[in-house]
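# Descriptive analysis of the structure
Below, each chain spelled out in residue letters.
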Amino acid sequence: MIFKWVILIVLGFFVFWLLKPFRQKQKHSADTTSGVAEDMVRCAYCDVHLPESESIVGNGHNFCCVEHRQLYLQSRSRRR
Ligand SMILES: [Zn+2]
């Protein structure tokens, strides 16, 4: 009878040990979702919102892509 309990306890530890890396992965994915909630910036050319880390900075403005940075700077230089 005691042997049965020992097997159950060992099984319990084994399951816990198996789930441990899975739990750490879940924590990591939670970290990445919190990373999505980072500061959002707006493209100065097309007003699209995007995470600051994905934006392209130029002339103190944020842009969604290199093309929009160039187009924005071109349209600004034309106004002068
Ligand atoms: Zn844009």
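The structure displayed is predicted, hence computed values, not measured ones.

## Quick look at the confidence of the model for the protein chain
- Taken residue by residue, the protein chain gives an average pLDDT of 85. The fraction at 70 or more is 78%.
- Ranking the helices and strands of the protein chain by mean pLDDT puts strand β4 (residues 61–63) first, with 96, and helix α1 (residues 2–36) last, with 76.

## A few points about the coordination of the zinc ion
- Coordination of the zinc ion by the protein comes from C43 (SG), C46 (SG), C64 (SG) and H68 (ND1), over a distance range of 1.9 to 2.3 Å.
- Coordination at the zinc ion comes from 4 donor atoms whose angles at the metal span 94 to 125 degrees, giving a geometry best classed as tetrahedral.
- For the zinc ion, the donor residues sit on a single chain with the sequence spacing C-x2-C-x17-C-x3-H. Of this pair, C46 sits in the loop between β1 (40–42) and β2 (49–51) while C64 sits in the loop between β4 and α2 (66–79), placing them 18 residues apart in sequence.
- Overall, C64 belongs to the partly exposed group, its relative accessible area being 24%.

## Some details on unusual backbone geometry
- Phi angles above zero are rare outside glycine, and D47 is one such case at about 65 degrees.
- Mapped onto the fold, D47 is located in the loop between β1 and β2.
- At N59, a residue that is not glycine, the phi angle is positive and equals roughly 55 degrees.
- Structurally, the position occupied by N59 is in the loop between β3 (56–58) and β4.

Analysis parameters
Residues numbered from 1 in each chain as written. Predicted model: local features only at pLDDT ≥ 70, side-chain atom pairs only at ≥ 80, totals over all residues. Heavy atoms only, no water. pLDDT = per-residue confidence, 0-100. Helix = DSSP H or I, 4+ residues; strand = E, 2+ residues; numbered from the N terminus. Donors = N, O, S within 2.8 Å, 3.2 Å for Na, K, Ca; no water. Tetrahedral: all angles 85-135°; square planar, octahedral: opposite > 155°, others 65-115°. Buried < 20%, exposed > 50% of the residue type's maximum accessible area, 1.4 Å probe, protein only.

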